[in-house]
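Chain by chain, the residues:
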Amino acid sequence: MPRILLAEDDTSMREYLQRALQRVGYDVDSVGCGTEAMPLLESDRYDLLLTDIVMPEMDGIELAQKASAIDPDIRVMFITGFAAVALQSGRAAPEAKMLSKPFHLKDLVAEVDRIFQTEDQHGRL
């Protein structure tokens, strides 16, 4: 079963997304910020990092860079309402999907499913 690490600082959004992804069969751990995610990334293996970009302490782009340094095979998907602003800063983000808020849960699940279906076709899972 694919493992997902969800980093989202909005508690209600984090719980909502975690429940939705678990309901369709994913193993999901969730944290409220990037600094909480680091110990999990260092001790466990995740197939996907699903992260908001704008978070306190460590933003999603920095988190994605560090996650990719720890595990080059981890997939990254950003969920954000501030995509254009965050990416204008010129910082390089790892190759990642982007889903802009607001979005429908079915769209999130479809994008996550698509990531893992693509990996299946290439024999990476």
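Residues numbered from 1 in each chain as written. Predicted model: local features only at pLDDT ≥ 70, side-chain atom pairs only at ≥ 80, totals over all residues. Heavy atoms only, no water.

For the protein chain, the name recorded in an unreviewed UniProt entry is Response regulator, with Sphingomonas anseongensis as its organism.

This part takes up the packing of aromatic side chains. Overall, the coordinates contain one aromatic pair when judged by the stated rule. For the ring pair Tyr26 and Phe116, a centre distance of 5.5 Å and an interplane angle of 35 degrees mean the geometry is tilted. Pair noted here: Tyr26 is in the loop between helix 1 (11-23) and strand 2 (27-31) and Phe116 is in helix 5 (residues 105-121), with a separation of 90 residues, a long-range link. Its end group placed over the ring of Tyr46, Arg3 keeps NZ or CZ at 4.5 Å from the ring centre. (Phe/Tyr/Trp six-rings, centres within 6.5 Å; stacked < 30°, edge-to-face > 60°. Helix = DSSP H or I, 4+ residues; strand = E, 2+ residues; numbered from the N terminus. Lys NZ or Arg CZ within 6 Å of the ring centre and 35° of its normal.)

Attention shifts here to the packing of helix 2 (residues 34-43) against helix 3 (residues 60-70). Where helix 2 contacts helix 3, the axes come no closer than 10 Å and their chain directions differ by 10 degrees. As summarised for this structure, helix 2 and helix 3 are arranged roughly parallel, according to the angle between their axes. Contact residues: helix 2 offers Gly34, Ala37, Met38, Leu41 and Glu42, while helix 3 offers Leu63, Lys66, Ala67 and Ile70. For the contact of helix 2 with helix 3, the class distribution of residues is six nonpolar, one polar and two charged. (Axes fitted to C-alpha atoms, helices over the stretch in contact; angles between N-to-C directions. Parallel < 35°, antiparallel > 145°, perpendicular 65-115°, else oblique. Contact = heavy atoms within 4.5 Å. Nonpolar A, V, L, I, M, F, W, Y, C, P; charged D, E, K, R; others polar.)

Should the charged atoms of two oppositely charged side chains come close, the side chains can pair. Per the stated rule, a full pass over the model turns up five salt bridges. A salt bridge links Arg3 to Asp27, with the nearest nitrogen and oxygen atoms 3.2 Å apart. Taken together, the positions of Arg3 in strand 1 (residues 3-7) and Asp27 in strand 2 put the pair 24 residues apart, joining distant regions of the chain. By relative accessible area, which is 30% here, Asp27 ends up partly exposed. Taken together, the shared-partner salt bridges in this structure form one network comprising Arg3, Asp27 and Asp29. (Salt bridge = Lys/Arg side-chain N within 4 Å of Asp/Glu carboxyl O. Buried < 20%, exposed > 50% of the residue type's maximum accessible area, 1.4 Å probe, protein only.)

Below, the discussion takes up the UniProt feature "modified residue: 4-aspartylphosphate" (unreviewed entry) in the protein chain. Within this numbering scheme, the UniProt entry marks Asp52 as carrying the feature "modified residue: 4-aspartylphosphate" (unreviewed entry). Among the secondary structure elements, Asp52 is positioned in strand 3 (residues 48-52). When near neighbours in sequence (up to four residues on either side) are disregarded, Asp52 contacts Ala7, Glu8, Asp9, Gly60, Ile79, Thr80 and Lys101. (UniProt positions renumbered as here; feature names shortened; annotations may be inferred.)

Once that is clear, we can look at the side chain of Asp71. The topology assignment puts Asp71 in the loop between helix 3 and strand 4 (75-80). Here Asp71 sits buried without a salt bridge, and the closest side chain of opposite charge, Arg45, lies 4.1 Å off (N-O distance). From its side chain, Asp71 meets the backbone nitrogen of Asp73 in a polar contact 3.0 Å long. (Lys, Arg positive; Asp, Glu negative; His and termini not counted. Polar contact = N/O pair within 3.5 Å; in protein donor to acceptor, adjacent residues only side chain to side chain.)

Where a strand is regular, its side chains alternate between the two sheet faces. Sheet topology places strand 1 next to strand 2; five bridges connect them, and they run parallel. Residue pairing in the sheet places Arg3 in a bridge with Asp27 of strand 2. Once you follow strand 1 into helix 1 and on to strand 2, the crossover reads as right-handed. (Pairing = 2+ DSSP bridges. Right-handed = clockwise from strand over helix to strand, strands pointing away.)

The next subject is the sheet that holds strand 2. What the five strands build is an open sheet, ordered 2-1-3-4-5; its pairing is parallel. The open sheet has two free edges, formed respectively by strand 2 and strand 5 (97-100), since each of these has just one partner strand. Taken over all neighbouring pairs, the strand axes of this sheet differ in orientation by 20 degrees on average, direction set aside. Of the strands in this sheet, strand 1, strand 3 and strand 4 are in contact with helix 3, which crosses strand 3 at around 165 degrees.

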